Amino acid sequence: MDGFRAAFAPWLWCLIATSGLFNAATTSAEQEDPLASLRTEHPRLLFTRTDQQRIEQLARHNKLLARLIRQNTVNAERMLNQPPVRYEIPDGKRLLGQSRKCIQRVAAMAMAYRLTGERRFAEGALKDMQIAAGFKDWNPRHFLDTAEMTTALALGYDWLFDVLTAEQRELIRRAIIDLGLNPGLKVYAGGRWWTRGENNWNQVCNGGMILGALAIAEDEPELARRVIRAALKSVPAGLSVYKPSGAYPEGPGYWQYGTSYTALTISALLTALGRDFQISKTPGLDKTGLFRIHTIGPTGLYFNYADCGMNSRPAAAMFLLSQVFDQPLYAWWHRQRLAELVPEGTTMRARSLDRFFPLEIAWYDPRGQRPTSAELPLDALFRSRQDVVTMRSAWGNPNAVYIGFKGGDNRTNHGHLDVGSFILDAEGVRWALDLGSDDYNMPGYFGRQRWTYYRLINHSHNTPVINDQIQNPAARCPVSAFRSTPQRASAIVDMTDAYKGQARSVWRGIELVERRVVQIRDEIEGATGNVRWGMVTPAEIKLDGRKATLTLRGKTLTAYILEPADARFEVVSTKPPTAREKSNAGTRMLAITVAAGPSRRMVIRVALTPGNRL
């Protein structure tokens, strides 16, 4: 380890003790009337009349906002001719697809009505709400389904309140109460796991309950108070994931899910009550927009560790975060992504956009300009249960070199056994990829069989495998060192705990040299059996001893073995051991196998460079 220690000065990471304002505020909410400052008029959730006036005025001269409004109207037009929601649980467990469909349809059509005044959009949204209100339940066994359906009807009830008849209001209000809030109170009373969970479930379920309660608060004030108090007591557990740096342990995809609902919660409380009970004081929440920015590569793909897919979608939460925390950088960056996804003169398919797309309009923030290198550095380290490092050669260049590299805690919700794994973008191509999640419905996926599935263990990730064993499921491996200079960036993870019982020590360092060449160095002592170095790729591979040439979409990446001198590249199949698992078709693993020994110190060093020059 002397080579690493000489190259990097240890980082001393100090956590600043927080003042406890959030806990004090939620305790206060239990004692005082949370509805004391309730806005009496509708709409009062997320997008008030004042907000609408601001948006309509801004859209007169803001071309991007005007495009977003047109896009939403196009989405709503399409939805009028598409099938409405229905009670459907295709996997026998989740109504979630229909709950999300209801949000997407109701929010888009209700927003289209508010901005065009055309009643056909209101009638379209009402049709979906009436159908959902007639369901026998909103599947409270899988409470995400209930929370998201409650969100859908709360938004529709509030945004369309003035055009609903008394009978229609009663129908939807009763559904929110009977199918959403009352089942929620049973969960709070029973202390079910998500009420204490430090994960996305907590954020989503509490957010849905708060929106439902605020929507019907003037008619059912006691019920609304009980729900809001219970939710505010539960919320801190879910928000604890952002400590200390704004990273999201469950990965960027779940960041979008959980943070979207945290943004909904903050916005609804502020617009309906004028206060958010100090939720926005959560440590790390003000920085989490940077995590979002850094974990999307120049290809537009996520650094998709954990149960996370590669494809990213716009997240309106970035506009809300930019305003709540006065971070115009977040708004500027998010507008650049929206401009790419909704080009001038064209429209996107509705399914290509997030179900909360209408909130891109409601929360639109025109502030911010291209940041300086000090405001948005090329490299970042995010400390959390899953320490994450990102490095890149440039911002704003789709062909830039980009590396995502992680340490982590293998016990994290949705986590994989992927300590030390990395992904790589260059020349507009993702060369080293993470296969992502498998089918959640496979037996024991979130239980005892989790570590038997190929995609979830280190065998399928870009990290070492020693003697064909899996990583320690209880391992905790922080980033040990991180350095960023104009010419290069580097990071080291002490992975020893991940290979407990397999080696005396295991360290990995990754360096971006001259902002072009990636070097990966593994130092392993006392391993028994063979050590396999691996990188999953969609590229075609041509082997030439210590050199491998990867080609994809007319682009080239060249890999070189720098150490050991006698090692050779090979290609390993990524086919899983069982037919039920995803096939991983179109991918393969570039690999190196090196014989180890209990007294041997092994160094495996690989260089990856775009093109065919080292």
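Here the structure is a predicted model, which is why all the values come from computation and not from measurement.

**Student:** I would appreciate a short explanation of the confidence of the model for the protein in the present structure.
**Tutor:** Caution applies to low-pLDDT regions: their predicted coordinates should not be interpreted in detail. Here the protein shows a mean pLDDT of 93. Residues at 70 or above account for 93%. Counted against residues more than four places away or in other chains, residues 1–21, with its pLDDT under 50, gives 31 contacts.

**Student:** How should the sheet that holds strand β10 (residues 489–494) be read in this particular structure?
**Tutor:** Within a sheet, adjacent strands bond to each other through the backbone by hydrogen bonds, running parallel or antiparallel. Across the sheet, which stays open at both edges, the 8 strands sit in the order β9-β10-β11-β12-β19-β16-β15-β14 with antiparallel pairing between neighbours. In the strand order of this sheet, the two ends are held by β9 (479–484) and β14 (540–544), each with one partner. Going across the sheet, the axis of each strand differs from the next one's by a mean of 15 degrees, ignoring polarity. As judged from the 6 bridges shared by strand β15 (residues 547–552) and strand β16 (residues 555–563), these two strands associate in the antiparallel manner.

**Student:** Looking at this structure, how should I read the nonpolar core?
**Tutor:** Looking at soluble globular proteins, one finds that nonpolar side chains tend to be buried together. By size, the foremost hydrophobic cluster in this structure holds 135 residues, and its most contacted members are L46, L153, L160, L214, L359 and W363. By size, the runner-up hydrophobic cluster in this structure holds 52 residues, among which are Y499, V531, W533 and A539.

**Student:** In this structure, what is going on with the layout of surface pockets? I would like to understand it.
**Tutor:** Which parts of space are left empty comes out when a probe the size of a water molecule is rolled across the atoms. Size it by volume and the largest pocket reaches roughly 1200 Å³. Surrounding the largest pocket, 36 residues form its lining, L96, R100, Y254, Y257 and Y440 being those nearest its centre. Elements that contribute at least two residues to the lining of the largest pocket include exactly α5 (96–116), α9 (200–215) and α11 (252–273). Considered class by class, the residues forming the lining of the largest pocket number 13 nonpolar, 15 polar and 8 charged.

**Student:** Just checking my understanding: could you explain unusual backbone geometry for this structure?
**Tutor:** For residues besides glycine, phi is generally negative; the peptide bonds are generally trans as well. With an omega of -5 degrees, the peptide bond running from H42 to P43 counts as cis. If you trace the backbone, P43 turns up in the loop between α2 (21–31) and α3 (49–59). Of note in this structure, D326 is not a glycine but carries a positive phi near 50 degrees. Summarising the element assignment, D326 is placed in the loop between α13 (317–324) and α14 (328–341). On the basis of relative accessible area, D326 is assigned to the exposed category, the value being 52%.

**Student:** Would you take a moment to explain the side chain of H142 for this structure?
**Tutor:** By secondary structure assignment, the location of H142 is in the loop between α6 (119–133) and α7 (143–159). A distance of 2.5 Å separates the side chain of H142 from the side chain of D145, its partner in a polar contact. Setting aside chain neighbours within four positions, we find H142 in contact with K93, R94, L96 and W201.

**Student:** Is there a simple way to explain the sheet that holds strand β17 (residues 569–572) in this structure?
**Tutor:** In space, the 4 strands of this open sheet follow the order β7-β13-β18-β17, with antiparallel pairing throughout. Only two strands of the sheet have a single partner each, and these edge strands are β7 (465–466) and β17. Where strand β13 (residues 530–537) meets strand β18 (residues 588–595), 8 bridges bridge the pair, whose relative direction is antiparallel. Among the inter-strand pairings, G534 is bridged to a residue of β18, identified as A591.

**Student:** Would you mind going over the pattern of salt bridges with me for this structure?
**Tutor:** It is possible for side chains bearing opposite charge to pair when their charged atoms get close. This structure, assessed with the given rule, holds 36 salt bridges. A salt bridge links E77 to R120, with the shortest nitrogen-to-oxygen separation between them at 2.3 Å. Here E77 is found in helix α4 (residues 63–80), whereas its partner R120 is found in helix α6, with 43 residues between them in sequence. Exposure remark for E77: the relative accessible area of 30% places this residue in the partly exposed category. What emerges from the salt-bridge pattern is a single network uniting R521, E523, E525, E563, R601 and R605.

**Student:** Help me out: how do you make sense of empty space enclosed by the protein in this one?
**Tutor:** If you walk through the whole model with that rule in mind, you get 4 cavities of 30 Å³ or more. Lining the largest cavity are N202, Q203, N206, G207, V235, L239, T262, T265, I266 and I279. Elements supplying a minimum of two residues to the lining of the largest cavity: α9, α10 (221–239) and α11. It is α9 that provides the largest number of residues to the lining of the largest cavity, a total of 4 residues. Of the residues assigned to the lining of the largest cavity, the class counts are 4 nonpolar, 6 polar and no charged. Taken together, 11 residues form the lining of the second largest cavity, with N75, M79, Q104, D354 and F357 sitting closest to its centre. Every element with two or more residues in the lining of the second largest cavity is listed here: α4 and α5. Looking at which element gives the most residues to the lining of the second largest cavity, the answer is α4, with 3 residues. Counted by class, the lining of the second largest cavity contains 6 nonpolar, 3 polar and 2 charged residues.

**Student:** What's the story with the pairing of strand β5 (residues 422–426) in this structure? I'm lost.
**Tutor:** Successive residues of a regular strand alternate their side chains across the two faces of the sheet. By the criterion of burial, β5 is predominantly enclosed, with 5 of the 5 residues buried. Side chains of β5 alternate between two faces, with F422, L424 and A426 and I423 and D425 buried alike. Where strand β3 (residues 402–406) meets β5, 4 bridges bridge the pair, whose relative direction is antiparallel. Among the inter-strand pairings, I403 is bridged to a residue of β5, identified as L424. Counting the residues between successive antiparallel strands, the hairpin from β5 to strand β6 (residues 429–432) contains 2 residues, one of them, E427, with a positive phi of roughly 55 degrees.

About the thresholds
- Residues numbered from 1 in each chain as written.
- Predicted model: local features only at pLDDT ≥ 70, side-chain atom pairs only at ≥ 80, totals over all residues.
- Heavy atoms only, no water.
- pLDDT = per-residue confidence, 0-100.
- Contact = heavy atoms within 4.5 Å.
- Pairing = 2+ DSSP bridges.
- Helix = DSSP H or I, 4+ residues; strand = E, 2+ residues; numbered from the N terminus.
- Axes fitted to C-alpha atoms, helices over the stretch in contact; angles between N-to-C directions.
- Core = buried A, V, L, I, M, F, W, Y, C linked by side-chain atoms within 4.5 Å.
- Buried < 20%, exposed > 50% of the residue type's maximum accessible area, 1.4 Å probe, protein only.
- 1 Å grid on protein atoms, 1.4 Å probe; cavity = no way out; pocket = protein on both sides within 12 Å on 5 of 7 lines; lining within 4 Å.
- Points joined across faces, edges and corners; volume = space filled by probe spheres on them.
- Nonpolar A, V, L, I, M, F, W, Y, C, P; charged D, E, K, R; others polar.
- Polar contact = N/O pair within 3.5 Å; in protein donor to acceptor, adjacent residues only side chain to side chain.
- Salt bridge = Lys/Arg side-chain N within 4 Å of Asp/Glu carboxyl O.

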